Amino acid sequence: MNGFYNGYIGTEKFELMRNRFPNNHRLIGIVNETGNYDLKFDFKSPMNILAKVLLGLGILISIISLIKGIWILPIVFVVFGLIMFADFKLKEKKEINIFTDKLLEFHKTEYETE
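How do you make sense of the sheet that holds strand E1 (residues 5-9) when you look at a structure like this?
Strand pairing within a sheet occurs via backbone hydrogen bonds; the two strands may be parallel or antiparallel. The strand order across the open sheet built from four strands is E1-E2-E3-E4, with neighbouring strands paired in antiparallel fashion. This sheet does not close on itself; its edge strands, each paired only once, are E1 and strand E4 (37-43). For this sheet the average axis-to-axis angle between neighbouring strands, irrespective of direction, equals 20°. Pairing geometry for strand E3 (residues 25-31) and E4, over seven bridges, is antiparallel. Along E4, the bridge assignment pairs Ile 28 with Lys 40.

Written out as structure tokens, the structure reads:
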């Protein structure tokens, strides 16, 4: 879309990343049974692997801390995790809005040139 995104576009799936720095996120669209795209927002590799490893490590440390009777670490991890989750959801909403705006703008310019 005019250099605003880069990535892969196929018949059944697309994976786009916005051209900006830093950018650790991607939009994934997969065709569903009705022929429309289901949009997902995710970290791009290797950040998606790192996020899952850190989540698992945080859960493991929290369980061990609770067994030992240390309550402060699980509380800190939960608060930090909620902040990160809220930030991710806000970025997801913003990125999907930007994508749909650019897609409509692109479709409008293609329609006007015909």
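I'm lost on helix H1 (residues 47-68) in this one. Help?
Since the α-helix turns once every 3.6 residues, residues separated by three or four places project in the same direction. With 22 residues, H1 should reach 32 Å at 1.5 Å per residue; the first-to-last C-alpha distance of 31 Å fits that figure. When H1 is considered as a whole, its buried residues turn out to be Asn 48, Gly 58, Ser 62 and Ser 65. Within H1, the buried residues cover an arc of 120° as seen down the axis, which keeps them to one side. Away from the buried face of H1 by more than 90 degrees, exposed residues Ile 49, Lys 52, Val 53, Ile 67 and Lys 68 are located. Gly 69 sits one or two residues past H1 and shows a positive phi near 90°.

What counts as what
Residues numbered from 1 in each chain as written. Predicted model: local features only at pLDDT ≥ 70, side-chain atom pairs only at ≥ 80, totals over all residues. Heavy atoms only, no water. Pairing = 2+ DSSP bridges. Helix = DSSP H or I, 4+ residues; strand = E, 2+ residues; numbered from the N terminus. Axes fitted to C-alpha atoms, helices over the stretch in contact; angles between N-to-C directions. Expected span 1.5 Å × (residues − 1). Buried < 20%, exposed > 50% of the residue type's maximum accessible area, 1.4 Å probe, protein only. Arc of directions from axis to C-beta.

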